[in-house]
Amino acid sequence: MRQIFAGLYISLDGVTESPGEWTATWFTPEVGAVVGTNMADSDAMLLGRRTYQEWAGYWPGKTSADDPFSDYINTVPKYVASRTLTSLEWPGSTLLGPDLAAELAALKEAEGKKIAINGSITLVRSLLQQGLLDELRLLVFPVVLGTGRRLFEGGMDRIPMKLVNATAFDSGVISVVYVPSGAPA
């Protein structure tokens, strides 16, 4: 059975919004290797509406000369969770319908590697709350941003997590992997 994991960049104060604006200082080859591992571990991508629209406006037409991640992002099948979109223009994209849990269950039953979520913090929060996210992979950057959308905001239920891996890099970035522990909340 396939699993769904979220791979996110996060500041010390929990901000995940617009990482392209604040991660470059610490984006070392070690950090790039973690991103490369996330890509190698997955053969499908799950995106929320907002991230899909941002990425669909940026990635199509990009080549590896523009960005080393473009070949993966442009060719991997993309599944888009949205209640408002009715069509998708980016080749290789599939719109998921109103019964997201059932469609994700079917995707998880299909043959393949893991399904990655990048960005899409509203979707990640929702899947965590519903018990549909199997793994949370965070790259924690040594910066306090003060403002911006945070991964965890008020109104969420307690979700016990188990640390399964942690690696600190000389740059100050920490790679951590958590799975829901199933322990009572």
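Residues numbered from 1 in each chain as written. Predicted model: local features only at pLDDT ≥ 70, side-chain atom pairs only at ≥ 80, totals over all residues. Heavy atoms only, no water.

Caption draft 1: Representation of the overall build of the protein chain. Helix and strand counts for the protein chain stand at five helices and eight strands. Walking the protein chain from its N terminus toward its C terminus, one meets helices and strands in the order β-α-β-α-α-β-β-α-β-α-β-β-β. Here the C-alpha radius of gyration of the protein chain, 16 Å, is about what a compact globule of 185 residues would show, namely 16 Å. Expressed as lengths along the three principal axes of its C-alpha atoms, the size of the protein chain is roughly 50 × 40 × 30 Å. The 185 residues of the protein chain split such that 42% are buried. In the protein chain, the share of contacts with a sequence separation of at least 24, taken over all contacts with a separation of at least 6, comes to 71%. Surface accessibility of the protein chain: about 9600 Å² in total, with carbon and sulfur atoms responsible for 53%. (Helix = DSSP H or I, 4+ residues; strand = E, 2+ residues; numbered from the N terminus. Rg over C-alpha atoms; globule rule 2.2 N^0.38 Å. Buried < 20%, exposed > 50% of the residue type's maximum accessible area, 1.4 Å probe, protein only. Contact = heavy atoms within 4.5 Å. Areas by Shrake-Rupley, 256 points an atom, 1.4 Å probe, with all protein chains shown as cover.)

Caption draft 2: Layout of the packing of aromatic side chains. Per the stated rule, a full pass over the model turns up seven aromatic pairs. A centroid spacing of 6.2 Å and a plane angle of 80 degrees characterise the contact between Tyr9 and Phe27, whose relative ring orientation is edge-to-face. Of this pair, Tyr9 sits in strand β1 (residues 4-11) while Phe27 sits in the loop between β1 and α1 (29-41), and the two are 18 residues apart along the sequence. Residue classification places Phe27 among the partly exposed positions, given a relative accessible area of 30%. Aromatic side chains Tyr52 and Trp90 sit 6.0 Å apart centroid to centroid with 40 degrees between the ring planes, which places their arrangement in the tilted category. (Phe/Tyr/Trp six-rings, centres within 6.5 Å; stacked < 30°, edge-to-face > 60°.)

Caption draft 3: Summary view of the pairing of strand β6 (residues 135-141). Within β6, seven of the seven residues are buried, leaving the element largely enclosed by the surrounding structure. Of the two faces of β6, the one holding Glu135, Arg137, Leu139 and Phe141 and the one holding Leu136, Leu138 and Val140 are both buried throughout. One ladder, built from seven bridges, connects β1 with β6; its direction is parallel. Bridge pairing in β6 places Leu8 opposite Leu138. As paired elements, β6 and strand β8 (residues 174-180) share five bridges and run antiparallel to each other. Opposite Leu138, over in β8, you have Val176 as the bridge partner. (Pairing = 2+ DSSP bridges.)

Caption draft 4: Summary view of the pattern of salt bridges. All chains considered together, the criterion is met by seven salt bridges. In this structure, Lys114 engages Glu135 in a salt bridge whose closest nitrogen and oxygen atoms are separated by 3.6 Å. Of the two residues, Lys114 is situated in strand β5 (residues 114-118) and Glu135 in strand β6; the sequence distance between them amounts to 21 residues. The exposure class of Lys114 is partly exposed, given its relative accessible area of 22%. Relative accessible area serves as the criterion here: at 10%, Glu135 is assigned to the buried category. For Arg137, the salt bridge identified is with Glu135, shortest N-O distance 2.6 Å. Salt bridges sharing common partners tie together Asp41, Lys114, Glu135 and Arg137. (Salt bridge = Lys/Arg side-chain N within 4 Å of Asp/Glu carboxyl O.)

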